[in-house]
Amino acid sequence: MARSYSVYDVFTDRKLAGNPLAVIFDGDDLSDDAMQAIAKEMNLSETVFVQASDNPAYTARIRIFTPGRELPFAGHPTVGTAIALAEQAHRNATIDLVSVLEENVGPVRCAVRLREGEASFAEFDLPRKSQQITMPLDKLGIANALSLNTTEIGFENHVPSLWSAGVPFLMVPVHDLGAAQRMDFDPQLWEATVPFVDGALASAYVYCRGGVNHVAKFHARMFASGMGIVEDPATGSAAAALSGAIHHFDRQTDGHHDLTIEQGVEMGRPSFIHLHMDVEGGAISNARIGGQAVRMASGTLDL
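The following refers to the structure shown. Bear in mind the structure is a predicted one, so any value in this text is a computation, not a measurement.

Here is what the cut-offs are and how they apply
Along each chain, residue indices are assigned from 1 in the same order as the chain's sequence is written. It should be noted that, the model being predicted, local features are given only for residues of pLDDT at least 70 and side-chain atom pairs only at 80 or more, the latter also being counted only at that level, while totals for whole chains, interfaces and linings use all residues. With hydrogens and water stripped out, all remaining heavy atoms of the structure feed into the side-chain values. Helix and strand definitions here come from DSSP, where helices need a minimum of 4 consecutive H or I residues and strands a minimum of 2 consecutive E residues; each element is numbered from the N-terminal end. Using C-alpha atoms as the atom set, the radius of gyration is obtained and then compared with a globule rule of 2.2 Å times the number of residues to the power 0.38. The rule is simple: take the accessible area with a 1.4 Å probe, protein chains only, and divide by the maximum for that residue type; under 20% is buried, over 50% is exposed, in between is partly exposed. Any two residues having at least one pair of non-hydrogen atoms within 4.5 Å are treated as being in contact. Residue-level accessible areas treat just the shown protein chains as cover; the underlying method is Shrake-Rupley with a 1.4 Å probe. Here the positive residues are Lys and Arg and the negative ones are Asp and Glu; neither His nor the chain ends is included. Working definition for charges: the position is that of NZ of Lys, CZ of Arg, CG of Asp or CD of Glu. For a helix, the expected span equals 1.5 Å multiplied by the number of residues minus one.

1. Digging into the overall build of the protein chain
Broken down by element type, the protein chain carries six helices and 19 strands. The C-alpha radius of gyration computed for the protein chain amounts to 18 Å, which stays within 12% of the reference 19 Å derived for 303 residues, consistent with globular compactness. Overall, the C-alpha framework of the protein chain stretches about 55 × 40 × 35 Å when taken along its three principal axes. Burial analysis of the protein chain (303 residues in total) assigns 56% to the buried set. Contacts spanning at least 24 positions in sequence make up 63% of the contacts within the protein chain whose residues lie at least 6 apart. Accessible surface computed for the protein chain: about 12,600 Å², of which carbon and sulfur atoms make up 48%. Charge centroids of the protein chain, computed over 22 positive and 37 negative side chains, lie 3 Å from each other.

2. Considering helix α6 (residues 236-250)
With 15 residues, α6 extends 20 Å between its outermost C-alpha atoms, agreeing within 8% with the 21 Å of an ideal straight helix rising 1.5 Å per residue. Judged by how many residues are buried, α6 sits mostly within the fold: 13 of 15 residues are covered. R251 sits one or two residues past α6 and shows a positive phi near 50°.

3. Focus: unusual backbone geometry
Negative phi is the rule for most residues except glycine; trans is the rule for most peptide bonds. In this model, F11 sits at a positive phi of 65°, which is unusual for a non-glycine residue. In this fold, F11 is placed in the loop between β1 (2-10) and β2 (19-24). The backbone phi angle of N43 is positive, close to 60°, even though this residue is not glycine. On the basis of relative accessibility, which here comes to 57%, the residue N43 falls in the exposed class.

Here it is as C-alpha cells:
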C-alpha cells in the first residue's frame, strides 16, 4: 500500500533549518511495531502517524514516535502536524483556524495561521501545566556528564531541577552562552548519573539566558540518548517543561510573558520556539508553545 507523507522543518521559516519532522498521513492500519520500525527508518527525532479519531470534534488522532520509543506528547510534532493538516485541507489559502489533535497525553488545541507565500504558523495550549518532580540530583555528576565545571552549573538562583509537561526533562542551567556552546555531552556518564522518571531516563535540557540571536531570551540544547536522539535542534515539549522552571526560579509577576527560546544553533539548524505564559495570582494560568514550519519534501511509502 502506498502511504503519503511529508517532511516539514519546524520552528523555522526556512528550509534546512529547525527540526525536521516526518508526517505519515495514512497511519490507521499500522501496528505499533510497524510505526516504530518506520520511525527508526526515517531516523528523525520524531515521526508522526495521522489516524482517524473516534471523536468527530477532533481533527485527527496522532501517534508520535522517536527512533527509540513512542511519546505521549511532543511540541514540534504538534506544531508541524497541525500545519501539515491545515495546508493539506486549505491549499494556497490565507486563513486562520483552530484544530484539536488527539495525542496520548490528551486533546491538544492548536491555532493555525496560513498565509499564501509565507511560512505557516501554529501554536498550542499546553495539555498539561509543567510540574516539578522532586528527586535527588548529583550536581558533580551532571557537570561531569556535560564536561563542565560545577561552577558553570547554575546561574542566579536557577539550579538543576526536574520538570515535566507530559515528558520529563532534567533542566540544567549553565552560567553563560560560552558554557552552553563549549559543553560536550557524554551519554554514558549521563545515564550513570541522572534518575529515571516513570521508567524512562530523564533527557538533558541545557539552558542559559540570552542567545546568539538578539530576539532570544534563552539559549537551549537538548540531548535524549534514551530516545535515540543524539542532539535535538528544537524541542517544544522541553520548552513546555521549562515554563515551570522559569516561573519557579524567576518568580514572574502577574501578567503576560512572551519568551523566545533559540535551539539548534550548534547543529547548524537554528530554531525559534515561542513560549507564552499567563501568570495570575502568582501561578501560571495558561501557557502556549508556537512556531513556524515549512514543507521540505513529500512522497509515498511503499508499505
